[in-house]
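Read off the chains here:
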Amino acid sequence: DKIAEVGASFMLPECRKGGIFGEIASRVANYAFELELDGVYALSVTDHVATQKISEKYGRISTGVRVGSSPAIFVEGASHGDRTTTVLNYRQVASRQRRSIYAPEKYREIILYTYQCLNIEVALATPPANPAETDFQEHYFDFYHDVTWNRATINAAGGDTVCYKLHAITDILKQNKVDCILLSIDLESVYAPLLAQTACELGYFYSGVFPSSFKDGHDALQMQLLNGITVSPDNIVIYQQSAQDIFEFIKKEAPQVFRGNTEK
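Residues numbered from 1 in each chain as written. Predicted model: local features only at pLDDT ≥ 70, side-chain atom pairs only at ≥ 80, totals over all residues. Heavy atoms only, no water.

**Some remarks on the state of the cysteines**
Under the counting rule described, the total for this entry stands at 0 disulfides. Distance from the sulfur of C163, which forms no disulfide, to the nearest cysteine sulfur (C200) is 12 Å. (Disulfide = S-S within 2.5 Å.)

As structure tokens, then:
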């Protein structure tokens, strides 16, 4: 893979505050350049801001918020069944030429804002009037159900046929009581607006942008669906400004997934 994850770190309490985590983070950040990667990313928990701060220190910018995406098994004081929210942080390591993206109108402003935060240049492209009736781009659909963490991921690009698949698989996952579904849509496909519209109709909401993460290194628009569960916004602590702005956008778009959220 041309992008890599900066993974988890678990520190013994007696070893904390000794600078070990910072030293590891520094070496990992330098190693990404030695490997000639295109980009690196990290997922930070939101019950504290330590790893979010580390990401910012080494150039990883928050580009998405995954609400209730993981069981809260590593969160001190969490109850059985609780889920925690994570922040997606990304750094573009290799330089890249400007790409054309097909941003859904509903998310256009927040998507362009995220690219601006990353200092990545993109051009907005306009899809054909009836993109579902064209056949000049590849149709792609796959999904994975993570039974252990009770969540699923879907990757999709294409027109009407892929929209039908998204509808069918979403129904199956909901019937099987999957708590969280993360949908990635190819932003460089003319069908991105159509798929995003279909996803919204199915109950998905905005999650963020994940550059170079889709098939063939394309950028992805990420959306989420929470299946009958809610989270408390009071338990979500977010550090970077870009993440705070994305989180506010999500709270306005999907107030129903937040317990006690009074925003309209």
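Don't stop here, the text continues.
**What about the nonpolar core?**
Within the largest apolar cluster, 59 residues are counted, with the highest numbers of intra-cluster contacts made by I111, I154, L166, L183, Y204, L221 and M223. When residues no more than four places from it in sequence are discounted, the contact partners of L166 are F141, I154, L183, L195, T198, A199, L202 and Y204. Counting 6 residues, the second largest nonpolar core, distinct from the first, contains V6, L37, A42 and V93. (Core = buried A, V, L, I, M, F, W, Y, C linked by side-chain atoms within 4.5 Å. Buried < 20%, exposed > 50% of the residue type's maximum accessible area, 1.4 Å probe, protein only. Contact = heavy atoms within 4.5 Å.)

**Topic: a nonpolar patch on the surface**
Judged by side-chain polarity, I20, I24 and V28 come together as a nonpolar surface patch covering roughly 220 Å² of accessible area. A relative accessible area of 33% means that V28 is categorised as partly exposed. (Patch = residues over 30% accessible without salt bridge, like charges linked within 9 Å, V, L, I, M, F, W, Y side chains within 5 Å. Areas by Shrake-Rupley, 256 points an atom, 1.4 Å probe, with all protein chains shown as cover. Salt bridge = Lys/Arg side-chain N within 4 Å of Asp/Glu carboxyl O.)

**Brief notes about the packing of aromatic side chains**
Applying the stated criterion across every chain yields a total of 7 aromatic pairs. Centre to centre, the rings of Y206 and F249 are 5.4 Å apart; their planes meet at 70°, and the pair counts as edge-to-face. Taken together, the residues Y206 in strand β10 (residues 205–210) and F249 in helix α6 (residues 241–253) connect sequence positions 43 residues apart. The class of F249 is partly exposed, set by a relative accessible area of 23%. (Phe/Tyr/Trp six-rings, centres within 6.5 Å; stacked < 30°, edge-to-face > 60°. Helix = DSSP H or I, 4+ residues; strand = E, 2+ residues; numbered from the N terminus.)

**Section: the pairing of strand β2 (residues 39–45)**
In terms of burial, β2 is largely enclosed, as 5 of its 7 residues are buried. Of the pairings in the sheet, the one linking strand β1 (residues 3–5) to β2 comprises 3 bridges and is parallel in character. Within β2, the residue paired with A4 across the bridge is V40. In the classification by handedness, the crossover that spans β1, the intervening helix α1 (residues 20–34) and the parallel β2 is right-handed. (Pairing = 2+ DSSP bridges. Right-handed = clockwise from strand over helix to strand, strands pointing away.)

**Re the packing of helix α4 (residues 160–175) against helix α5 (residues 192–201)**
Relative to each other, α4 and α5 sit at 25°, their axes nearing to 10 Å. The angle between α4 and α5 falls in the class roughly parallel. The two elements α4 and α5 cross, and the hand of that crossing is right-handed. Listed contacts from α5 to D160, V162, C163 and L166 of α4 are L194, L195, T198 and A199. (Axes fitted to C-alpha atoms, helices over the stretch in contact; angles between N-to-C directions. Parallel < 35°, antiparallel > 145°, perpendicular 65-115°, else oblique. Left-handed = near helix turned anticlockwise from the far one by under 90°.)

**Some details on the side chain of E253**
Relative to the assigned elements, E253 resides in helix α6. Of the polar contacts made by the side chain of E253, one reaches the backbone nitrogen of Y206; its length is 2.9 Å. Dropping the residues within four chain positions of it, E253 is found in contact with K106, Y107, C200, Y204, F205 and Y206. (Polar contact = N/O pair within 3.5 Å; in protein donor to acceptor, adjacent residues only side chain to side chain.)

**Examining unusual backbone geometry**
Positioned with a positive phi, E36 is a non-glycine residue whose angle comes to about 55°. Structurally, E36 is set in the loop between α1 and β2. Judged by its relative accessible area of 62%, E36 is exposed. With phi around 50°, N150 is a residue other than glycine that occupies positive phi space. By secondary structure assignment, the location of N150 is in the loop between β7 (140–146) and β8 (151–157).

**A look at the environment of K174**
With respect to the helices and strands, the residue K174 is situated in helix α4. In this structure, the C-alpha to C-alpha distance between K174 and V87, residues 87 residues apart in sequence, is 24 Å. Apart from the residues lying within four places of it in its own chain, the contact partners of K174 are L202, L225 and N227.

**Some points on the environment of A152**
By secondary structure assignment, the location of A152 is in strand β8. In this structure A152 comes out as buried when scored by relative accessible area, which is 3%. Along the backbone, A152 and I181 are 29 residues apart, and their C-alpha atoms lie at a distance of 4.7 Å. When near neighbours in sequence (up to four residues on either side) are disregarded, A152 contacts Y144, H145, L173, V178, C180, I181 and L182.

**Section: the packing of helix α3 (residues 108–118) against α6**
For the pair α3 and α6, the least separation of the axes is 11 Å and the interaxial angle reads 170°. The angle between α3 and α6 falls in the class roughly antiparallel. For the pair α3 and α6, the contacting residues are I110, Y113, T114 and C117 in the first and Q241, S242, D245, I246 and F249 in the second. Across the contact of α3 with α6, the residue classes break down as 5 nonpolar, 3 polar and 1 charged. (Nonpolar A, V, L, I, M, F, W, Y, C, P; charged D, E, K, R; others polar.)

Just distances and angles here, no functional claims.
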